[in-house]
Amino acid sequence: MTDTLLSAPLARLEQRDAFVHRHLGPDASEIARMCATIGVADVDALIEQTVPAGIRLASPLPLAGAMPEHEALARLKAIAGRNVVKKSLIGQGYYGTHVPAVVLRNVLENPGWYTAYTPYQAEISQGRLEALLNYQQMVIDLTGLELANASLLDEATAAAEAMTMARRVSKSKSNVFFIDEACFAQTIDVVRTRAHYFGYELVYGKAAEAGSHDCFGALLQYPNARGEVVDLTTPIAELKAKGAVVAVASDLMALVLLKSPGAMGADIALGSAQRFGVPMGFGGPHAAFFATREGYVRSMPGRIIGVSKDARGKTALRMTLQTREQHIRREKANSNICTSQVLLANLSGFYAVYHGPQGLRTIAARIHRLAAVLAAGLREAGFGLHDRPFFDTLEVEVGARAPAILRAAEEAGFNLRSVSGTTLGLSVDETTTRDDVAAILGCFGASIDVSVLDTHVAAAGGALPAGLLRSDAVLAHPVFNTHHTEHEMLRYLKKLQNRDLALDHSMISLGSCTMKLNATSEMIPITWPEFANLHPFAPREQAAGYLEMIEGLADHLRAVTGFPAISMQPNSGAQGEYAGLVAIARYHASRGEANRKICLIPKSAHGTNPATAQMCGMQVVVVECDDNGNVDVADLKAKAEKHAADLAALMITYPSTHGVFEESIREICTIVHQYGGQVYMDGANLNAQVGLTSPATIGADVSHMNLHKTFCIPHGGGGPGMGPIGLAAHLAPFMADHVIQPTGGAGRPNLGQGAVSAAPFGSASILPISWMYITMMGGEGLKQATEVAILNANYLAARLGEHYPVLYTGSQGRVAHECILDIRPIKAATGISEVDIAKRLMDYGFHAPTMSFPVAGTIMVEPTESEDLGELERFVAAMVAIREEIRQIEAGTWPAEDNPLKHAPHTQSDFLGDWNRPYAREQAVFPLPWVAENKFWPSVNRIDDVYGDRNLFCACVPMSDYAE
């Protein structure tokens, strides 16, 4: 072997495609064995049997070759170096913050936290569920309301969700929604977009005058965009007296000191948790908080973590009221939001745990003190400021000196906000120091002793009157008052991590969710200061590196999808769906066909599809599927013809949600176009297309791309996600722009279009992950990834098919990148359900596949390309062993209600306690020999979902409840 290498060409020794083989699970010999098992000569033969010839790409992807990890990191570092990171005083919802190092290293940079999935399987998610419950308690305390969710996407979309929630719960007959004119501009932009498609009338005005309007709801800002802190009690009371539901957009750091929205009578409080320990990251991702009154719980968007009991009566956590999820309620869902920002919510919650109430009060007081010192110095220097109370933000009248002061500040390393030609804005944050204040005053031409100013300000007690300060205690729960040394915090984080199963333990075979490798080299750049610490509204010349990276990624996505236009703004897959349908609606309206509001959606579609269509003011018409799970083309054609005059779009997933490459897909697109509609392709399964076909080749007009699936951004325990959209040329003028910062050059076709997310490029700081993945894989590597994903899925289908029927296959008996196993015959014969199998898999050390979607009573398995043959075989062994256990029930060896599946998962308490079950302890917890080598112990037994829903409790519980 050594002799062979010594005579090998240098190109082979350079190993430029080494990362491809790190990303792909099976090696060449394993691939050959797998092909033999499923009865094909090689992978090419499998693809010929799987992907219809008529849609396959005629040439390779127009992408460069693979690049080694170190070289890709060096190239991206050079690009990042083009960013100029200055201290930001821009504010407007984005602020500098210090991420506690112990949280940075042990959560944000830890695959035990960032590779976990949404906590549907609660028994193996207790760690992040507790972290989310801490976050909810933090939001409840600071907002003064009774209930909080586990986060939304960003402040602006949270405000839009508040508007639609207000319409759901308000008894007012009005169609008007009032907006405080002093709300952040990006929030107004997003709310305006959302309101248009719901048909709401927006009215703008001063918060103090809101009560004079007859409206179903109102959005007020506190502190507002000008920095003013005004008691909103009176306008809120006036609004509510007329039947309006009142939402207050606020700031968690300010609320540490200020009277809460709940205390002022607000029904909803929302905002960004970013400044609680999450970098600005050029706009995201950040967790948006959302709180309301308990009586509105069933109308609140997003996911809620609640408290229940397990089978032993032990306190256990779970996602509560899961029947509100979109896959259940479809177009009747509260929202299409299927992604929260779990990883970022956890960061903010841990920030509060680490600092505790006293630490937070100190930070908030320091921020306010420095702002007050700055205000005093500016007044002393003769500048005009308003005399209203403020927390951290000032607006300063400087006359014709504004440009000169902005330049001076920039040269000194600070970005100020230009409010108008004569007014500048300044926002102080956690990272601001007394030296910064002195330097900023110097930019205004003032040479003032900060210590002397501080003495005067401190004597006056700051710039907040007593009536605006909160009098109630916050964060009194022990979790916020215990872990303040690094040792305590480190051990707390480790304790929670140990309760969660993530990709660092074993494969997560979730169909439709694509839990593939999140490579370390992809993750490293997100914490580089050049990417982490840039304000999204920083001057564009300071963001040259970001813009180069984003455009480079956009070029990659153009190559993959075949679309000429890419919008990077949508910050989740659901937001991508919304942005795509909005572009379609705008296109029809531009042609005088705003009447086109019929959206055809196959029965098999994701639940977010009908929910999104409803958000865009469209009427959902369901298209039937045939016995093989494919779209019923005759039914589609009949409904397209029937609604020809009003047909807006078809929403379709490809390969289908049933895990099959439908052979009629081009005909389907042609039919929709024939009757004047547009084809929206849900990008959930794009990872089965890359390098083999593309949405544009197939005939779609717009498609979103789940970067957290196909392009390796991690799921983070339920978020972050990114859902950019690709658009055909005729739709490009209708994609989202941004009211503050442009999404392209001056001649961009989408100039002036309303935004769908708060930041111009969505969650920009996680885009380097996908840039790195595509750069390291290269065009050929991406194609190989798709091929191996299809191979792995067909291998599992072949190995498991004799034990569990595979529900749908293509015309040649093949599945795409996932397969559906039918559990219904087993349930009919034994009473064992897909839920029982899911819980039993925990005892074998695996997370369950997707349950009961898209077909009730089934499980959908997606192994991804990153799992090697050894891991696939361990999963097969577990599933086969479970099938043998079910046969013991069929044979009557074990009772129908007293067997390993019905009691699963098993905990250490089961193993150590009294035992009177008809199967052995070892069978319960070590069902196969290799399980003991890497045993994952669920920390609770099976959770009682019904108890949790009937006894709704969604805040931190007393520590004593966690005791045995």
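Relevant structure appears above.
About the cut-offs
Residues numbered from 1 in each chain as written. Predicted model: local features only at pLDDT ≥ 70, side-chain atom pairs only at ≥ 80, totals over all residues. Heavy atoms only, no water. Helix = DSSP H or I, 4+ residues; strand = E, 2+ residues; numbered from the N terminus. Buried < 20%, exposed > 50% of the residue type's maximum accessible area, 1.4 Å probe, protein only. Contact = heavy atoms within 4.5 Å. Pairing = 2+ DSSP bridges. Axes fitted to C-alpha atoms, helices over the stretch in contact; angles between N-to-C directions. Salt bridge = Lys/Arg side-chain N within 4 Å of Asp/Glu carboxyl O. Right-handed = clockwise from strand over helix to strand, strands pointing away. Phe/Tyr/Trp six-rings, centres within 6.5 Å; stacked < 30°, edge-to-face > 60°. Lys NZ or Arg CZ within 6 Å of the ring centre and 35° of its normal. Polar contact = N/O pair within 3.5 Å; in protein donor to acceptor, adjacent residues only side chain to side chain. Patch = residues over 30% accessible without salt bridge, like charges linked within 9 Å, V, L, I, M, F, W, Y side chains within 5 Å. Areas by Shrake-Rupley, 256 points an atom, 1.4 Å probe, with all protein chains shown as cover. Parallel < 35°, antiparallel > 145°, perpendicular 65-115°, else oblique. Nonpolar A, V, L, I, M, F, W, Y, C, P; charged D, E, K, R; others polar.

## Things to note about the overall build of the protein
Here comes step 1: Of the regular secondary structure elements, the protein holds 35 helices and 25 strands.
Here comes step 2: Taken along the three principal axes of its C-alpha coordinates, the protein extends 85 × 70 × 65 Å.
Here comes step 3: Classification of the 964 residues of the protein by burial places 64% in the buried group.
Here comes step 4: Taking the intrachain contacts of the protein between residues at least 6 apart in sequence as the baseline, contacts between residues at least 24 apart amount to 77%.

## Things to note about the sheet that holds strand S12 (residues 393-397)
Here comes step 1: Strand order in the open sheet made by the four strands is S11-S12-S15-S14, with antiparallel pairing throughout. Taken across any chain shown, the strands that pair with only one partner, and hence form the sheet edges, are strand S11 (384-385) and strand S14 (417-418).
Here comes step 2: As paired strands, S12 and strand S15 (residues 423-427) are joined by five bridges and run antiparallel to one another. In the strand pairing of S15, Thr393 is matched with Ser427.
Here comes step 3: The strands touched by helix H15 (residues 342-380) are S11, S12 and S15; relative to S12, the strand with the most contacts, the crossing angle is about 10°.

## Quick word on the pattern of salt bridges
Here comes step 1: The full count for this structure, using the stated rule, is 41 salt bridges.
Here comes step 2: Of the charged contacts, one joins Arg417 and Glu395 as a salt bridge, the two residues approaching to 3.5 Å between their closest N and O atoms. Residue Arg417 is found in strand S14, and its partner Glu395 is found in strand S12; the two are separated by 22 residues along the sequence.
Here comes step 3: Owing to a relative accessible area of 13%, Arg417 belongs among the buried residues under this scheme.
Here comes step 4: By relative accessible area, which is 14% here, Glu395 ends up buried.
Here comes step 5: For Arg558, the salt bridge goes to Glu551, with nearest N and O atoms at 3.0 Å.
Here comes step 6: Look at Glu551 and you get partly exposed, because its relative accessible area is 39%.
Here comes step 7: A network of salt bridges, in which partner residues are shared, links Arg226, Glu228 and Arg388.

## What about the pairing of strand S5 (residues 217-222)?
Here comes step 1: Extensive coverage of S5 is indicated by the burial of six of its six residues.
Here comes step 2: The alternating pattern of S5 places Gly217, Leu219 and Gln221 and Ala218, Leu220 and Tyr222 on opposite faces, both of which are buried.
Here comes step 3: Here three bridges tie strand S3 (residues 176-180) to S5, and the two strands are oriented parallel to one another. Across the sheet, Phe177 pairs through a bridge with Gly217, a residue of S5.
Here comes step 4: Bridge count for S5 against strand S6 (residues 245-251) is six bridges, and the pairing is parallel. Across the sheet, Gly217 pairs through a bridge with Val245, a residue of S6.
Here comes step 5: The β-α-β motif built from S5, the intervening helix H12 (residues 233-241) and the parallel element S6 has right-handed crossover chirality.

## Some words on the packing of aromatic side chains
Here comes step 1: For the coordinates displayed, the defined rule picks out 23 aromatic pairs.
Here comes step 2: Judged by centre distance (6.1 Å) and plane angle (70°), the rings of Tyr587 and Phe734 are edge-to-face. One end of the pair, Tyr587, is in helix H23 (residues 573-590); the other, Phe734, is in the loop between strand S22 (725-727) and helix H28 (767-800), and 147 residues separate them in sequence.
Here comes step 3: Among the aromatic residues, those joined into a ring-pair cluster are Phe282, Trp528, Phe531, Tyr546 and Phe761.
Here comes step 4: The cationic tip of Lys77 hangs over the ring face of Trp528; the distance from NZ or CZ to the ring centre is 4.4 Å.

## A short note on the environment of Gln923
Here comes step 1: Mapped onto the elements of the fold, Gln923 is located in helix H34 (residues 921-925).
Here comes step 2: The exposure class of Gln923 is partly exposed, given its relative accessible area of 25%.
Here comes step 3: Distance in space between the C-alpha atoms of Gln923 and Leu360 is 50 Å, their sequence separation being 563 residues.
Here comes step 4: Sequence-distant contacts of Gln923, that is, excluding residues within four places in its chain, are made with Arg840, Glu885, Trp894 and Pro900.
Here comes step 5: Side chain to side chain, Gln923 and Glu885 meet in a polar contact 2.6 Å long.

## What about unusual backbone geometry?
Here comes step 1: Cis geometry marks the peptide bond from Tyr654 to Pro655; its omega dihedral reads -10°.
Here comes step 2: For Pro655, the location among the structural elements is in the loop between strand S19 (647-653) and helix H26 (665-674).
Here comes step 3: Geometrically, the link from Gly719 to Pro720 is a cis peptide bond, its omega value of 25° lying close to zero.
Here comes step 4: Among the structural elements, Pro720 can be located in the loop between strand S21 (702-704) and S22.
Here comes step 5: Within the chain, Gln92 stands out as a residue other than glycine whose phi angle is a positive 60°.
Here comes step 6: Relative to the assigned elements, Gln92 resides in the loop between strand S1 (87-88) and helix H7 (101-108).
Here comes step 7: Residue Ser852 is not a glycine yet carries a positive backbone phi of 55°.
Here comes step 8: Looking at where Ser852 falls in the secondary structure, it is placed in the loop between strand S24 (850-851) and strand S25 (858-861).

## Focus: a nonpolar patch on the surface
Here comes step 1: On the surface, Leu5, Leu10 and Leu13 cluster together into a nonpolar patch covering about 270 Å² of accessible area.
Here comes step 2: Relative to the helices and strands, Leu13 is located in helix H2 (residues 10-13).
Here comes step 3: Look at Leu13 and you get partly exposed, because its relative accessible area is 42%.

## Focus on the packing of H15 against helix H18 (residues 450-460)
Here comes step 1: Running from amino to carboxyl end, H15 crosses H18 at an angle of 110°, the nearest separation of the two axes being 9 Å. Taken together, the axes of H15 and H18 are roughly perpendicular relative to one another. On H18, the residues that touch Arg369, Ala372, Val373, Ala376, Gly377 and Glu380 of H15 are Val450, Leu453, Asp454, Val457 and Ala458.
Here comes step 2: Classifying every residue of the contact of H15 with H18 by side-chain character gives seven nonpolar, one polar and three charged.

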